[in-house]
Amino acid sequence: ARDATMLRTAAVGLALLSLLSGIVHGAPRAAKNVQVSVEAPWGAAPLVLEASEFFSGDHFWRFAASIPANGLAMSDKDQYDAVLSAAGALVSKPQVDILKYALALRNFSPRLQAYTQLWAHAEASGCSLAGSAVAVVEGKCVTDPSALKDTVATCAAAKSGEASGADGVLDFEHVFTGTGGSKPGAVTVLLYAAIGTPTFLSFHAELTQLASAGEVKYVLRHAWPLGAAKSMPIQGYGVELAIKNMEYKAVDDRKREGVGDEDDAEADQEDAIDGFDFKVLMGRRPELKEDLSSFRETLREDVDKSNSAEIKVWALKDLGIQASQRVMLAEEPLRLIRDLSHNLPSMVSSVSRMRVNPQIRTEIEGNRQFMHPGTNMVLLNGRRLDAEAMSPFGLLDIVRHETALMEEIGALGLDGASSRKLINAPTDPEGMQSGEGKVFRIDIKEDAHINWLNDLEKDATYARWPKELNTLLQRGWPGQMRNIARNLYTGILIVEPSDPECLGLLAEMFSMLQQQMPFRAGVIFISRTPLPPAADSEDKKDDKKDDEGEDGGSDIPIGLRVFRLFNALHAKHGKDAAFTFLASYADAVQRDPTERGQLDLCKATFKGIAKQFPAVGKNAKGKPDKARWNPASEDRSNDAKLVNSTAFIRAAGLPLDEPVVVLNGEVMQGQMADMNQFMHKMSVQQQDLQRGVYFGKITEKKDMYEQVLELGGGGKKGFHL
């Protein structure tokens, strides 16, 4: 009953596989497992046609013309050789190797099957594809290449004066374009033919002349005789069913009568040792029985010795590196990886005796700095691939793209080091922020241009926080930021004082600092418009002028005015007053963003902050030296700093027309410049910092900001540097 149940279960499983998309093949009965392959519902197309699709684009027509007239009639092996020979004259050796891989996958077979759906168009015109080639010219069938010119001329005359409509050519079809292109009203010729046939070459010669003259639009559609097409297994997919044999066998192990001691000794011997089946060998060469027995004993002693050999604990300390080195030196590394994974205990003795290459040790230890133990990662030219979603077909597309990119860079004449830097560089700002591959970091930490809001290592606010970096390694809730009195996170906001969006980000950042978020914040002011020229000294307002009088310098741009007021409050009331002014003004300007409304809100906010925060110094009369509206608005002493900061950001390659936030060198701009994104980046970087502290890449004796940048690969002074 149990055997019947198992057979029914196996039958149901195989039936489900066959219903999915393929034909199930059972392995021979002698095999211990069942091999299942999936086949496409269509037959295999000729290799020369599949190879032509590989060259779809620049080299297609040259490749098609280089295939001999008997190419389609060749065997698969001869077609394969002819394809590689023609490809070698058109593309580089790496491209030829990729072509081999594409043919092994039968990657372009589905595209060829799409052409079989187009054959109905020719049949609808009354054309028969039973022959070797046929051209369809405005619904007329042409089977003789010599009749093409007359047919084209007749159709062109009949078509003259008519409005040109859609020609029905699809995007993936091959269109021959002459140097001058097609003339207006040119006739479309659809050639149904197979590359590697005499008729194709004849039609191709005629049509290329007509297309070069602009008289026709030459379109090739693959058409080949189907006949008894060979089955085509789908590569990259497969199933292996390991079925356990549950059959019980009764063995009579009682000692048989009449069997001598010599036979007992022989029965105790192993039949196979190290791949030698001595029972078979002795049966074939009985005269060598004594020598074979001696050889068997020798092999058995060696096996017993190797199995019983004790491996010391210290001999296993580099086992992982030794196994990796053995894989790297193997002729078939993938096969060796499989063997090591399945039979590591039996190979430990030989692997542990390998001498470790210092370069391989250094590389592996370097990889451990940014990878968790047991992590599997696939990188191609610095681009991280998703190992779970990767398929042979997707890998083919990626390798083709990377190879073409490398060849284009090589054509520029760059040296190897420069080429590698260019290939590994991020592609665009969004790619930099997606977490894929390397993250570009820019170093704009210049104290001459930055107004710092806080300093975790010096401010009294953070005096009770621990300073030890090992605090990063303590347990915490997932995503919880560790409070450490170290400038591990440095956020720099680039602010145009007249932009409400920039001021809004500044207000959010200021609020986060009031909640004691563990990052150091700084602001770089810029101006998107040229500053007005300095006025004569006689036009300057007297500092003693009544602060309630009319606004001094009413023509001052609002952004420049806010910058001057910020500096006045910073100098006379302190850093907290200056940034509170910006945050309060940012909240107020959201209610009335008009120019006059901004001016009134700016004045009211400034005066309120000047009254709220006490002055830090006294004037010549010994009274508190408070910042006043008119003198502060017209104070040009810091205008040069605004000009220099703007030039600095422009030289770094950062945009001036949208908000920009930089966290430890990572750039967030435009819509990505958001405090939620800022906090997400901090959470992600905390994991990198934890690994850096754990592996000793970040220490307490060096500059923290430089160590953090170096941990991410170093920072550039600009996007173009």
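Thresholds, definitions, all that
- Residues numbered from 1 in each chain as written.
- Predicted model: local features only at pLDDT ≥ 70, side-chain atom pairs only at ≥ 80, totals over all residues.
- Heavy atoms only, no water.
- Phe/Tyr/Trp six-rings, centres within 6.5 Å; stacked < 30°, edge-to-face > 60°.
- Helix = DSSP H or I, 4+ residues; strand = E, 2+ residues; numbered from the N terminus.
- Buried < 20%, exposed > 50% of the residue type's maximum accessible area, 1.4 Å probe, protein only.
- Pairing = 2+ DSSP bridges.
- Axes fitted to C-alpha atoms, helices over the stretch in contact; angles between N-to-C directions.
- Bend = angle between axes of the 7 residues up to and from the residue.
- Expected span 1.5 Å × (residues − 1).
- Contact = heavy atoms within 4.5 Å.

Brief notes about the packing of aromatic side chains
Okay, so step 1: All chains considered together, the criterion is met by 19 aromatic pairs.
Okay, so step 2: Ring centres 5.4 Å apart and planes at 85° place the aromatic pair Tyr 115 and Phe 172 in the edge-to-face group. Taken together, the residues span a long stretch of sequence, with Tyr 115 in helix 6 (residues 109-124) and Phe 172 in the loop between helix 7 (148-159) and strand 5 (174-176) at a distance of 57 residues.
Okay, so step 3: A residue is classified by how much of its surface remains accessible, and Tyr 115, at 0% relative accessible area, is buried.
Okay, so step 4: Take Phe 172: its relative accessible area is 29%, and that puts it in the partly exposed class.

What to know about the sheet that holds strand 5
Okay, so step 1: Spatial ordering of the open sheet is given by 4-3-6-7-5, a layout of 5 strands whose pairing is mixed. The open sheet terminates on both sides in strands that have one partner only, identified here as strand 4 (140-142) and strand 5. Across the sheet, the axes of successive neighbouring strands diverge by a mean angle of 25°, strand direction being ignored.
Okay, so step 2: In terms of strand pairing, strand 3 (residues 133-137) meets strand 4 through 3 bridges, oriented antiparallel. By the bridge assignment for strand 4, Ala 135 is matched with Val 142.

So, helix 6
Okay, so step 1: When the local axis directions of helix 6 are compared, the greatest deviation, roughly 25°, occurs at Gln 117.
Okay, so step 2: For helix 6, the full list of buried residues reads Ser 109, Leu 112, Gln 113, Tyr 115, Thr 116, Leu 118, Trp 119 and Ala 122.
Okay, so step 3: Immediately beyond the C-terminal end of helix 6, within one or two residues, lies Gly 126, with a positive phi of roughly 85°.

Some thoughts on helix 20 (residues 575-589)
Given 3.6 residues per helical turn, the α-helix brings residues three or four places apart onto the same face.
Okay, so step 1: Taking 1.5 Å as the rise per residue, helix 20 with 15 residues should run 21 Å; its terminal C-alpha atoms sit 21 Å apart, in good agreement.
Okay, so step 2: Most of helix 20 is tucked away, with 11 of its 15 residues classed as buried.
Okay, so step 3: Those residues of helix 20 that sit buried are Ala 577, Ala 578, Phe 579, Thr 580, Phe 581, Leu 582, Ala 583, Tyr 585, Ala 586, Ala 588 and Val 589.

Comments concerning unusual backbone geometry
Okay, so step 1: For Arg 106, which is not a glycine, the phi torsion comes out positive at approximately 55°.
Okay, so step 2: In this structure, Arg 106 sits in the loop between helix 5 (93-105) and helix 6.
Okay, so step 3: Residue Arg 106 is classed as buried on the basis of its relative accessible area of 19%.
Okay, so step 4: Phi angles above zero are rare outside glycine, and Asn 664 is one such case at about 50°.
Okay, so step 5: Along the chain, the position of Asn 664 falls in the loop between strand 17 (660-663) and strand 18 (666-669).

Here's the deal with the sheet that holds strand 15 (residues 490-495)
Okay, so step 1: With mixed pairing, the 5 strands of this open sheet are ordered in space as 14-16-15-17-18. Two strands close off the open sheet at either side, each with one partner strand: strand 14 (451-452) and strand 18.
Okay, so step 2: As paired elements, strand 15 and strand 17 share 4 bridges and run antiparallel to each other. Residue pairing across strands places Ile 494 opposite Val 660, the latter belonging to strand 17.
Okay, so step 3: Sheet contacts for helix 23 (residues 639-651): strand 14, strand 15 and strand 16 (520-525); angle to strand 16, the most-contacted strand, approximately 105°.

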